[in-house]
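Read off the chains here:
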Amino acid sequence: RRVDRVRRDFIANASHELRSPLTVIMGYLDALAEDDRIPDGWKQPISVMQDQSIRMRRLVEDLLQLSKLESGQSVPKDHVVDVAAMIAAARKEALALPEHPDSIEIELQSPANLLGEETELQSVVSNLVANAVRYTPPEGEITIRWTVDADGGHLAVQDTGIGIAEEDIPRVTERFYRADGGRARQRGGTGLGLAIVKYALRRHDAELEIQSRLGQGSTFVCHFPRDRLALS
């Protein structure tokens, strides 16, 4: 436990310290990209450096968020989170990505909302939808579904993507683990999205279920207990 705490503290401190120099680097790169005096031969390298600095910023932000979530403390049930608005925002973000499936549908089968931390729950949905986009071809489909039953609330993100091998399913929520690392890197993944989902759900007393078959797509289901529901 002590070693794990030292690891978490190191990651959090290192990520925090990286933000300031990274902001400076990105600022100068933006200035260079807009400078008409820069020779044409430098425009492509500067653009590549901008892309990589953006990727590094995403990684730093994800590391900081994961360090916070790993505290494991349960989030209070004193704030109502609008599930419909949260799902709609995640869909909008997905449609704004350069490449995404033609069909991203929403199925709201309950008006119930959730009790917890809005930014963390939004991160859960956004990461699951972004993950589905990353592994689903343009002609594929993604469905975001919200249902409620006697056991609680269930938020599912289903895709018709490439799927996950059975032996990889238990490991996909590990930090930096990628079942298809090459493609994830090409599409800008940091390898931390599903780890963030797991720990954010844990703070909301929820669990993540993964159903997948290679070549047939995947379904990620977040199971929330009934005491996390805000029933109207």
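For the structure itself, look to the data block above.
Quick caveat, the model's predicted, so the values are computed rather than measured.

K.L.:
Before we move on, can you summarise the sheet that holds strand β8 (residues 229-230) with the specific residues and values?
P.N.:
On the basis of which strands lie adjacent, the open sheet formed by 3 strands has the order β1-β3-β8 and antiparallel pairing. Each edge of the open sheet carries a strand with a single partner, namely β1 (80-81) and β8. Strand direction decides the pairing type here: strand β3 (residues 113-115) and β8, joined by 2 bridges, are antiparallel. The residue of β8 that forms the bridge with Leu114 is Leu229.

K.L.:
Go over the pairing of strand β5 (residues 152-159) with me, naming the residues and quoting the values.
P.N.:
Taken across its 8 residues, β5 has 7 buried, putting it largely inside the fold. With 8 bridges joining them, strand β4 (residues 141-149) and β5 adopt antiparallel strand pairing. If you follow Ile142 over to β5, its bridge partner there is Asp159. The turn joining β4 and β5, which pair antiparallel and follow one another in sequence, is formed by 2 residues. Where β5 lies against strand β7 (residues 217-225), 7 bridges are found, and the strand directions are antiparallel.

K.L.:
Now, about the sheet that holds β4: what can you tell me, with residues and values included?
P.N.:
Read from one edge of the open sheet, 5 strands run β2-β4-β5-β7-β6, paired in mixed fashion. Two strands close off the open sheet at either side, each with one partner strand: β2 (103-108) and β6 (207-213). Neighbour to neighbour, the strand axes of the sheet diverge by 15 degrees on average, direction disregarded. Across 7 bridges, the pairing between β6 and β7 is antiparallel. Counted as the bridge partner of Leu208 is Cys222 from β7.

K.L.:
Break down the side chain of Ser53 for me, with residues and values.
P.N.:
Along the polypeptide, Ser53 turns up in helix α2 (residues 40-69). Residue Ser53 is classed as buried on the basis of its relative accessible area, which comes to 8%. With residues near it in sequence (within four places) discarded, Ser53 still touches Leu22, Met26 and Leu29.

K.L.:
Help me get a handle on α2, residues and values and all.
P.N.:
The terminal C-alpha atoms of α2 lie 45 Å apart, and with 30 residues this matches the ideal 44 Å at 1.5 Å per residue to within 8%. Every buried residue of α2 is accounted for by Ile46, Gln50, Ser53, Val60, Asp62, Leu63, Leu66, Ser67 and Leu69.

Parameters at a glance
- In this numbering scheme, every chain counts its residues from 1 along its sequence in written order.
- Under the rules for a predicted model, residues below a pLDDT of 70 receive no local features and side-chain atom pairs below 80 are neither given nor counted, while totals for whole chains, interfaces and linings still include all residues.
- The basis for every side-chain value is the complete set of non-hydrogen atoms in the structure, without hydrogens or water.
- Only strands that DSSP links by at least two bridges are regarded as paired with each other.
- Numbering goes from the N terminus for both helices and strands, where a helix is a DSSP run of H or I of at least four residues and a strand is a run of E of at least two.
- Residue burial is assigned from relative accessible area. The probe radius is 1.4 Å, only protein chains are included, and a residue is buried under 20% of its type maximum, exposed over 50%, and partly exposed in between.
- Only C-alpha atoms enter the line fits that serve as axes; for helices the fit covers just the stretch in contact. Angles between N-to-C directions range over 0 to 180 degrees.
- Contact definition: two residues touch when any of their heavy atoms are within 4.5 Å.
- To estimate how far a helix should extend, the number of its residues minus one is multiplied by 1.5 Å.

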